[in-house]
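# Structural features, examined
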Amino acid sequence: MIIYKTPEEIELIRSSCLLVSKVHEMIAQELRPGLSGMHIDRMAETLIRDHGAVPGFKGYGGFPATLCVSVNEQVVHGIPSEKQIFSEGDVVSVDCGAILEGFYGDAAYTFALGDIAPETMELLEVTKTALYLGIAEVVPGNRIGDIGFAIQDYAERQHGFGVVRDLVGHGVGRSLHEDPQVPNFGKRGRGAKLQEGLVIAIEPMINLGKKEVFTGKDGWTISTRDKLPSAHYEHTVALKEGKVDILSSFLGIELAVEQNNWLQTVRVREVEQAK
Ligand code: MG
Ligand code: MG
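Conventions adopted
Residues numbered from 1 in each chain as written. Chains lettered and ligands numbered in written order. Predicted model: local features only at pLDDT ≥ 70, side-chain atom pairs only at ≥ 80, totals over all residues. Heavy atoms only, no water. Donors = N, O, S within 2.8 Å, 3.2 Å for Na, K, Ca; no water. Helix = DSSP H or I, 4+ residues; strand = E, 2+ residues; numbered from the N terminus. Buried < 20%, exposed > 50% of the residue type's maximum accessible area, 1.4 Å probe, protein only. Axes fitted to C-alpha atoms, helices over the stretch in contact; angles between N-to-C directions. Parallel < 35°, antiparallel > 145°, perpendicular 65-115°, else oblique. Left-handed = near helix turned anticlockwise from the far one by under 90°. Contact = heavy atoms within 4.5 Å. Expected span 1.5 Å × (residues − 1). Pairing = 2+ DSSP bridges.

## Quick notes on the coordination of the magnesium ion (ligand 1)
Geometry sets the ideal angles at a metal, namely 109.5 degrees for four tetrahedral donors and 90 or 180 degrees for six octahedral donors. Of the protein atoms, only Asp95 (OD), Asp95 (OD), Asp106 (OD) and Glu234 (OE) coordinate the magnesium ion (ligand 1), at distances of 2.0 to 2.5 Å. Mapped onto the sequence, the residues coordinating the magnesium ion (ligand 1) show the spacing D-x10-D-x127-E. In this model, the magnesium ion (ligand 1) sits 3.1 Å from the magnesium ion (ligand 2), the two metals being bridged by Asp106. Of this pair, Asp95 sits in strand β4 (residues 91-100) while Glu234 sits in the loop between β13 (230-232) and β14 (235-240), and the two are 139 residues apart along the sequence. The same class applies to Asp95 and to Glu234, which are both buried.

Put into structure tokens, the structure is as follows:
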């Protein structure tokens, strides 16, 4: 059952999301070769607790850390550790959740550490654009399938990358994972209709190679079968006053999708004033 949110509840979710965004901002400034996953995990936990919030992932289903830190061929749910040392050329995906006043925020970002392979850079750019194309589908009257279709069409058909099927986006609220499921693949016009008050996390996980993934021996870390890198970007968004509102960005973001015959792209404009 989808739990639609009131404007007041959306503002509470925004507060949690903005704290998560602050964590990503801090990591963007601090991340460098030689640091460990555990180091950034501790920094993230301190920042979240200093703001009177609680890490959203720690203890969730038994997950042991504040962040999911997934490097290179790791797709999602990597467990930060002292042994996980970052190197130049790594792509580091950081997923973070926080709970503030009873509501979750959830967002992820994939960072490139120094010079990375050109095809990996393209993967990051395509995954980020796919996220925004998915977000641009969040308009009244559209359906969940329209989001997945936009992401899959761009990443798979236009760019030949692998769209992970085993993990999906989700509703966000008093629980981290609420209905509806938001797949990164799908058909236009299928699934639940998008209605005012919907709050969902859209989170494409896109592989440079094939879509197949597996769960590691730790029971958590999901990696690509072909060992090629993967990227993951996530925003929590709301359908509010007939428009999509990106809750996990401190800047307003305007999206303009351009269709040129078979090719689609999206222009992302950050609106100057903070919300
Ligand atoms: Mg997440
Ligand atoms: Mg999520």
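So much for the structure itself; the text now carries on.
## Observations concerning the packing of helix α3 (residues 118-136) against helix α4 (residues 144-158)
Two elements in contact, α3 and α4, have axes separated by 8 Å at closest approach and are oriented at 155°. Classified by the angle between their axes, α3 and α4 sit roughly antiparallel to one another. Both α3 and α4 take part in a crossing whose hand is right-handed. Seen from α3, the contacting residues are Val126, Thr129, Ala130, Leu133 and Gly134; seen from α4, they are Ile147, Ala150, Ile151, Tyr154 and Ala155.

## Some words on the coordination of the magnesium ion (ligand 2)
At 2.0 to 2.3 Å from the magnesium ion (ligand 2) lie its protein donor atoms, namely Asp106 (OD), His170 (NE2), Glu203 (OE) and Glu234 (OE). Counting along the primary sequence, the residues that act as donors to the magnesium ion (ligand 2) give the motif D-x63-H-x32-E-x30-E.

## A few points about α3
Three- or four-residue spacings in an α-helix give side chains the same orientation, since the helix completes a turn every 3.6 residues. With 19 residues, α3 should cover 27 Å at 1.5 Å per step; its first-to-last C-alpha distance of 27 Å lies within 8% of that length. For α3, the complete set of buried residues consists of Thr120, Leu123, Leu124, Val126, Thr127, Thr129, Ala130, Leu131, Tyr132, Leu133, Gly134 and Ile135.

## A few points about the sheet that holds strand β10 (residues 205-207)
In sheet architecture, strand pairing relies on hydrogen bonds along the backbone and comes in two forms, parallel and antiparallel. The antiparallel open sheet is built from three strands, whose spatial order is β6-β10-β13. Edge positions in the sheet fall to β6 (162-163) and β13, since each of these pairs with one other strand and no more. Looking at chain direction, β6 and β10 are connected through two bridges and run antiparallel. Paired with Val163 across the two strands is Ile206, which belongs to β10. This element, α3, spans β10 and β13 of the sheet and lies at about 30° to β13.

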